[in-house]
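Letter by letter, the chains look like this.
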Amino acid sequence: MESARIVAWRYNYLQRLNKLQSEGSQIVFLDETWYDTHDVVRKGWGDGTCNCILKSPSSRGKRIMVLHAGGREGWVPNCLYLSARNIQDSKADSHDEMSREVFENWFKTRLLQNLPRDKKCVIVMDNASYHSRQAIKFPLLDNL
């Protein structure tokens, strides 16, 4: 069961999005994902009439990173980011494949440049570490 705080937060978030949309704002969601090209299913369903043995590929293939943005109006044009790396150069978690520099470059040169100029756009993203960065780091009181 979710806490009352989380339920209230979600309610307020959805209310804000609905209000912005009703005022004419375009809501744009962004996210990234990855896919390993040589992934195989390890288990499956069968009817018992034959033994199914999956052959694993001889190489681990490539990890494909996908980053895009869109919403009710469809995908933002010219915004798709695709990147491929050899699996042995990749980590288990896709968050190691994306960096602040890559994300910020995509955000500035692909996303912002291709959003409509004739209406207010609201960009919604999760709190992945590379989605935000503190430009100026202020000293902590403990360090003074």
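The name an unreviewed UniProt entry gives the chain is Tc1-like transposase DDE domain-containing protein, with Periplaneta americana as the organism.

J.: Help me understand the overall build of the chain, please; the structure alone is not making it clear to me.
T.: Summing up its helical and strand segments, the chain has two helices and five strands in all. Secondary structure elements of the chain, listed N to C terminal, follow the sequence α-β-β-β-β-α-β. Expressed as a percentage of its 144 residues, the buried residues of the chain come to 24%. For the chain, the share of sequence-separated contacts (at least 6 apart) that also reach a separation of at least 24 residues comes to 67%.

J.: Looking at this structure, how should I read unusual backbone geometry?
T.: In terms of backbone geometry, most residues other than glycine have negative phi values and most peptide bonds are trans. Located in the positive-phi region is Asn78, a residue other than glycine, with phi close to 55°. For Asn78, a relative accessible area of 64% gives the class exposed.

J.: So what exactly am I meant to see when it comes to the environment of His38 here?
T.: Tracing the backbone through its elements, the reader meets His38 in the loop between β1 (26–36) and β2 (62–71). Through-space distance from the C-alpha of His38 to that of Gly61 is 5.2 Å; in sequence the pair is 23 residues apart.

J.: Whenever I open this one, helix α1 (residues 4–22) confuses me. Can you help?
T.: Side chains that are three or four residues apart share a direction in an α-helix, a result of its 3.6 residues per turn. Between its first and last C-alpha, α1 extends 27 Å over 19 residues, near the 27 Å set by a 1.5 Å rise per residue. Gly24 occupies a position one or two residues after α1 and carries a positive phi of about 100°.

J.: Hey, could you run me through the packing of aromatic side chains in this one?
T.: For any pair of aromatic rings, the description consists of the separation of the ring centres together with the inter-plane angle of the planes. Summed over all chains, the structure comprises four aromatic pairs. Aromatic pair Phe103 and Phe107: ring centres 5.8 Å apart, planes at 40°, arrangement tilted. In this pair, Phe103 and Phe107 are both assigned in helix α2 (residues 100–114), four residues apart and thus about one turn of the helix distant. There is no split in this pair, since Phe103 and Phe107 are both buried. Between the aromatic rings of Phe103 and Tyr130, the centroid separation amounts to 6.3 Å while the plane-to-plane angle is 55°, which identifies the pairing as tilted. Here the residue Phe103 occupies a position in helix α2, and Tyr130 occupies one in the segment after β5 (121–124), the gap between them amounting to 27 residues. The two residues Phe103 and Tyr130 agree in class, both being buried. What links up through ring pairs into an aromatic cluster is the set Phe103, Trp106, Phe107 and Tyr130.

J.: Looking at this structure, how should I read the nonpolar core?
T.: A general feature of soluble globular proteins is that nonpolar side chains tend to end up buried together. One finds Leu30, Ala69, Val76, Met98, Phe103, Trp106 and Leu111 to be the most contacted residues of the largest nonpolar core, which totals 16 residues. Among the elements of the structure, β1, β2 and α2 are those that each provide at least two residues to this core. Top element by residues in this core is α2. It accounts for four residues. Among residues more than four places away in sequence, those in contact with Val76 are Val28, His68, Ala69, Gly70, Leu111, Asn114 and Leu115.

J.: Explanation requested: the pattern of salt bridges in the structure shown.
T.: Think of it this way: side chains of opposite charge can pair up when their charged atoms draw near. Using the criterion set out here, one finds two salt bridges in the structure. Here Glu2 and Arg10 are joined by a salt bridge, their closest N and O atoms 2.6 Å apart. The class for Glu2 is partly exposed, based on a relative accessible area of 44%. Note on Arg10: relative accessible area 35%, which makes it partly exposed. Among the salt bridges present, the one from Lys19 reaches Glu23, with a minimum N-O distance of 2.5 Å.

Rules used throughout
- Residues numbered from 1 in each chain as written.
- Predicted model: local features only at pLDDT ≥ 70, side-chain atom pairs only at ≥ 80, totals over all residues.
- Heavy atoms only, no water.
- Helix = DSSP H or I, 4+ residues; strand = E, 2+ residues; numbered from the N terminus.
- Buried < 20%, exposed > 50% of the residue type's maximum accessible area, 1.4 Å probe, protein only.
- Contact = heavy atoms within 4.5 Å.
- Expected span 1.5 Å × (residues − 1).
- Phe/Tyr/Trp six-rings, centres within 6.5 Å; stacked < 30°, edge-to-face > 60°.
- Core = buried A, V, L, I, M, F, W, Y, C linked by side-chain atoms within 4.5 Å.
- Salt bridge = Lys/Arg side-chain N within 4 Å of Asp/Glu carboxyl O.

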